[in-house]
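Residues per chain are reported as follows:
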Amino acid sequence: MSFRIRVNGEEFDAEPRAGQCLRTYLRERGWFGVKKGCDAGDCGACTVQVDGDPVHSCLYPALRAEGRAVTTVEGLARDGELHPMQQRFLDAQGFQCGFCTAGMLMTTSAAGFDEDKRADLPRALKGNLCRCTGYRAIEDAIRGVRHTESPYAGQAVGRSLGAPAGPQVVTGTARYTFDLDVEGLLHMKLLRSPHPHARIVSIDTAAALRVPGVVAVFTHEDAPDKLYSSARHEHPTEDPDDTRVLDDVVRFVGQRVAAVVAESEGAAEEGCRRIAVEYEVLPYVLDPEEAMAPGAPVIHPKGPESRIARAENNVCGEAHGETGDVARGFAEADLVYEETFRTQRVQHASLETHGCVVYFEETEGAGEERIVVRSSTQVPFLTRRALCDLYDLPMEKVRVVAGRVGGGFGGKQEMLTEDIAVLAAMRLHRPVKLEFTRAEQFYGATTRHPFRITVKLGARADGTLTAIQFRVVSNTGAYGNHGPAVMFHSVGESMGVYRAPHKKVDAYSVYTNGVPAGAFRGYGLGQVTFAVESAMDELARRLGVDPLVLRERNVIGPGEHMEGPLGEEEDLHIASYGLDQCLGVVRTALADDTSAELAPEGWLVGQGFAMAAIACGPPGGHIADATVKLLEDGTYDIAVGTAEFGNGTTTVHQQITAGALGTTADRIAIRQSDTDVVRHDTGAFGSAGTVVAGKAVMKAANALAELLLSFTAEYARTPRSLLRLTADAVECDGRTVPLKEVFEAARGRGVELAADGHFGGSPRSIAFNSQWFRIAVDPDTGEIRILRSVHGADAGKVMNPLQCRGQVEGGVAQALGATLFEQVLVDDRGEVTTAAFRRYRLPAYADVPRTEVHFSDTSDAIGPLGAKSMSESPFNPVPPAFANALRDATGIRFTEAPFLRDKVWQALDEHRRSAGPGGTSGPGLPGRPAGRA
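The structure presented is a predicted model; accordingly, all values stated were derived computationally and were not measured.

Parameters at a glance
Residue positions within a chain follow its written sequence, with the count starting from 1. It should be noted that, the model being predicted, local features are given only for residues of pLDDT at least 70 and side-chain atom pairs only at 80 or more, the latter also being counted only at that level, while totals for whole chains, interfaces and linings use all residues. Water and hydrogen atoms were dropped before computing side-chain values, which therefore reflect all heavy atoms in the structure. Every case where a carboxyl oxygen of Asp or Glu lies within 4 Å of a side-chain nitrogen of Lys or Arg is listed as a salt bridge. Note on conventions: DSSP H or I runs of at least 4 residues are helices, E runs of at least 2 residues are strands, and numbering of each starts at the N terminus. Each residue is assigned to one of three classes by its accessible area relative to the maximum for its type, calculated with a 1.4 Å probe on protein chains only: buried under 20%, partly exposed between the two thresholds, exposed over 50%. Pairing between two strands is assigned when DSSP locates at least 2 bridges connecting them. Two aromatic rings, drawn from Phe, Tyr or Trp (for Trp, its six-membered ring), form a pair once their centres lie within 6.5 Å of each other, and the interplanar angle then sorts them: stacked below 30 degrees, edge-to-face above 60, tilted otherwise. Only the contacting stretch of a helix is used when fitting its axis, a line to C-alpha atoms as for every element, and angles between N-to-C directions run 0 to 180 degrees. Residue contacts are defined here by distance: any two heavy atoms, one from each residue, within 4.5 Å place the two residues in contact. Grid points spaced at 1 Å over the protein atoms alone were grouped into cavities, where a 1.4 Å probe fits but cannot get out, and pockets, open sets with protein on both sides within 12 Å along at least five of seven lines, with lining residues defined by an atom within 4 Å of a point. Grid points are joined across faces, edges and corners, and a volume is the space filled by probe spheres set on the points. As a working rule, the residues Ala, Val, Leu, Ile, Met, Phe, Trp, Tyr, Cys and Pro are called nonpolar, Asp, Glu, Lys and Arg charged, and the rest polar, with Gly in that last group.

### A word on the pattern of salt bridges
Line of reasoning, step 1. One pass over the structure, following the stated rule, counts 77 salt bridges.
Line of reasoning, step 2. The closest approach of N and O atoms between Arg136 and Glu809, which form a salt bridge, is 2.9 Å. Linking Arg136 in helix 6 (residues 136-142) with Glu809 in helix 23 (residues 801-820), this pair joins segments that are 673 residues apart in sequence.
Line of reasoning, step 3. In this structure Arg136 comes out as buried when scored by relative accessible area, which is 3%.
Line of reasoning, step 4. Judged by its relative accessible area of 4%, Glu809 is buried.
Line of reasoning, step 5. Salt bridges sharing common partners tie together Arg136, Glu139, Asp140, Arg143, Arg805, Glu809 and Arg850.

See the structure below:
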């Protein structure tokens, strides 16, 4: 047959393979703006236009495009001018990680996206998902609202500058992990376990090796015997060593059993199907309480070298502590409230899945080769270190690079693909690619830890707390990556933010035969904050004290230390205090609120709030190195290790440098997330991108400014005190010396105008947040509508208001998903049953309200230029605030997330039945109908 297709004005006649979708056809021809997000038509990241109409190219057969004109995001611009919608997305900063942006643009730039569709965005955008932004910025972009400001020399910090990579994101030229061509690339697919617990008796790979195109099959017999953790921390001993690259014992449904490497993905998949595995099925346990009980199957019978707390009881890690005497504290209380709360598994659902490409490059001048790992990771330096340890490689033989990363949220603080791909590449000495499918993200990556938290609070009649007690059980799944660390963090600031003379904690991180849990936004703190903030609200109601007054009466104040039963963290300080302003945001919202009038007649209306505190960075040190230097053309270059995945650190680092050097952000280039560019960077996690890497950049930029002025003073023979840096020159008492001239003069004298900065992540400050909701509940169906959402954030000096607001909005949106409907479900064997977006509901545009964001006016004594972190913390107060609003509306305390519509209706129906005909029971039941709020 003859086949012709026109892509962005260019003719192609190569026939597609049988059954090939348009997405892979386009990407194979270099149109990398077409993204892979789901392969099921659920997310819209692959949207292109066919004859002007938007289609999901992962579902659209390439053959159907024969004779048609296809436009990808790369083809939107004309004659060097951006399409108006591309410019709008730039002006509104309508993206964060940007992985969804091409699809959003192809939907909203289509001729059929008319005024009617703009008037009904919930329906118009139902086929496009975004995990980062919270959709407000996307709506503003579509409506032509501009938020970005123009650069201004020396005044960058505090301004809403656009992301440096913005033009590349909106034109589809930003390069994510798999947006490159590698000659001779092999493809890896993984055979995964069908059993929750089994020993591999034998593996027959002969049939797989006979599949045309299959090059090799790797099993546990080919893998190193070393135990390690897939979790990445600055100090590897924080996590138990319980994992092998390929193991002869599988501990959850979905664990990798073998790896097939082939010339094509199809051949690799067929090779996996041909492998014959004989298993000895072993007993398994899914519930963490049962796993700790005597007689439970032991999941990891390992010795003390693995650093498992109590392997014989499946306790991965545990913590116990008491200050004062809680029994005495409860005896002194006028009221004691105790309740158990539960949280569920949640998927990170970053639109770019886990994966890497491993290839080889010659080292400059040495004539030798080294391994290059291009990975979708938040931790390139820690991944390099782990690979070198695992395979006994010198550091100089391994380079790890993160391109632009399509979302992380903690899920990419793991080594889940690089270890096995490097094994294959080294054995075969050929490039190897491993890219997870969307289903593999659900059963082969990690989830948020499910928690069971029992909270017991004692208080006097006036609301003063006398005692706080937690019993926390965290389900870490089959492996302990992040298990102990998440458990320890969960009971830190959640308890430390409140004063009480008597406190006690018993916490357990427990192995089960389920999909492993890992790092997730909030790192355990959100789960326990849900419990304690719900309990504080209920305590206030039962005491008859205003919940806001109860918080104000018991929270720590400026200059105090966070104290808990596990001991005080000496490097943790309240270096700026904006919690009072965050609570003031709630008070103001309550005072001026009229949103109850928006509720339908007969619906129950309620309001609620919660607060949260979080450390700016992880304990034990978080290292960042940076280098800033002057370039030959008079511009600057920043080298920093932190990865960019929508966290906005690139913009902040530019702004910090521009301020120190008196220049504009657009005159500063950034090299980042590459183990070649700086000495070390722990990684982009733990809210450290601004407060740790930013401080290293600040130190480097300040040092370079001093070096520039000192050198120019000598060169121009002008007193140092009379010199001033400008955008592209040094002003010398009426004389202007261009930076290009300064560079040439320095080069002539053998001087490099560059400076380094380093920060070890300690001491650390505290950030605070509050969240308030007004909601309405339909008592007949359980449907919930958010009438108003207000958030208070203490981020210290806000480096980029637009960007920081986006972080808050994205955190609120993600938390609302976890609050209302997101849950990774497993069956009675631990197998994930929600391994697709259409079975695992992510918040769409229609689900997310516009949240009003108010920043506290503070300046931190520790953070760079007064800044504090604001990436994880917005998530944490959202679930309890919603739970408290739901309690206010219905009179029912919901203790288990998510608050699914059918569960809400069932609880309301059970309450009506227990109350009897026309009756109510308990204080404030069943809530306040609309019109009486």
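Continuing now.
### A word on the pairing of strand 26 (residues 729-732)
Line of reasoning, step 1. Note that strand 25 (residues 723-725) and strand 26 share three bridges and pair antiparallel. Bridged to Arg724 within strand 26 is Glu731.
Line of reasoning, step 2. In this antiparallel pair of consecutive strands, strand 25 and strand 26, the connection spans three residues.
Line of reasoning, step 3. As defined by bridge partners, strand 26 adjoins strand 27 (residues 735-738) across four bridges and the pair is classed as antiparallel. Residue pairing in the sheet places Glu731 in a bridge with Thr736 of strand 27.
Line of reasoning, step 4. Adjacent in sequence and paired antiparallel, strand 26 and strand 27 are bridged by two residues, among which Asp733 carries a positive phi angle near 55°.

### Things to note about the packing of aromatic side chains
Line of reasoning, step 1. Applying the stated criterion to the full structure yields 14 aromatic pairs.
Line of reasoning, step 2. For the pair Phe711 and Tyr715, a centre-to-centre distance of 6.4 Å together with 5° between the ring planes defines the contact as stacked. Of this pair, Phe711 and Tyr715 both sit in helix 21 (residues 689-716), separated by four residues, roughly a single helical turn.
Line of reasoning, step 3. By relative accessible area, which is 7% here, Phe711 ends up buried.
Line of reasoning, step 4. Through successive ring pairs, a cluster of aromatic residues spans Phe341, Phe530, Phe773, Phe882, Phe894 and Phe899.

### Overview of the sheet that holds strand 23 (residues 636-640)
Line of reasoning, step 1. Read across the open sheet, the four strands follow the order 24-23-22-28; overall the sheet is mixed. Both edges of this open sheet fall to strand 24 (668-672) and strand 28 (754-759), since each of them pairs with a single strand only. Averaged over all pairs of adjacent strands, the angle between their axes in this sheet comes to 15°, without regard to strand direction.

### What about helix 15 (residues 483-490)?
Line of reasoning, step 1. Counting buried positions over the eight residues of helix 15 gives seven, a clear majority of the element.
Line of reasoning, step 2. For helix 15, every residue scored as buried is listed here: Gly483, Pro484, Ala485, Val486, Met487, His489 and Ser490.

### Re the side chain of Arg551
Line of reasoning, step 1. Within the secondary structure, Arg551 is located in helix 18 (residues 547-554).
Line of reasoning, step 2. Aside from chain neighbours lying at most four places away, what touches Arg551 is Tyr498, Glu533, Met536, Asp537, Phe609, Ala610, Met611 and Asn884.

### What to know about unusual backbone geometry
Line of reasoning, step 1. With an omega of 10°, the peptide bond between Ser762 and Pro763 qualifies as cis.
Line of reasoning, step 2. Position of Pro763 among the secondary structure elements: in the loop between strand 28 and strand 29 (766-777).
Line of reasoning, step 3. For the bond running from Ala897 to Pro898, omega is 0°, close enough to zero to count as cis.
Line of reasoning, step 4. Residue placement: Pro898 occurs in the loop between helix 24 (878-890) and helix 25 (901-915).
Line of reasoning, step 5. The backbone phi angle of Asp79 is positive, close to 55°, even though this residue is not glycine.
Line of reasoning, step 6. Within the fold, Asp79 resides in the loop between strand 5 (69-71) and helix 2 (84-92).
Line of reasoning, step 7. Phi at His429 is positive, roughly 50°, even though this residue is not glycine.
Line of reasoning, step 8. The class of His429 is partly exposed, set by a relative accessible area of 45%.

### As for the sheet that holds strand 17 (residues 432-435)
Line of reasoning, step 1. Ordered in space as 8-10-6-17-14-15-16, the seven strands form an open sheet in which the pairing is mixed. Edge strands, defined here as strands with exactly one partner in the open sheet, are strand 8 (214-218) and strand 16 (398-401). The mean angle between the axes of side-by-side strands here comes to 25°, regardless of whether they run parallel or antiparallel.
Line of reasoning, step 2. Where strand 8 meets strand 10 (residues 256-262), four bridges bridge the pair, whose relative direction is antiparallel. Counterpart to Val214 in the pairing with strand 10 is Ala262.
Line of reasoning, step 3. In the packing of helix 12 (residues 380-391) onto the sheet, contacts are made with strand 15 (369-375) and strand 16, and the angle to strand 16 comes to roughly 150°.
Line of reasoning, step 4. Packed on one face of the sheet, helix 13 (residues 418-428) meets strand 6 (186-192), strand 8, strand 10, strand 14 (355-362), strand 15 and strand 17 and runs near 35° to strand 14.

### A short note on empty space enclosed by the protein
Line of reasoning, step 1. Tallying each qualifying case throughout the model produces eleven cavities of 30 Å³ or more.
Line of reasoning, step 2. Considering only enclosed or pocket space, the largest cavity measures out at about 280 Å³ in volume.
Line of reasoning, step 3. As for the largest cavity, its lining consists of 22 residues, of which Thr243, Phe252, Arg256, Leu416 and Tyr479 are closest to the centre.
Line of reasoning, step 4. Partitioning the lining of the largest cavity into residue classes produces ten nonpolar, seven polar and five charged.

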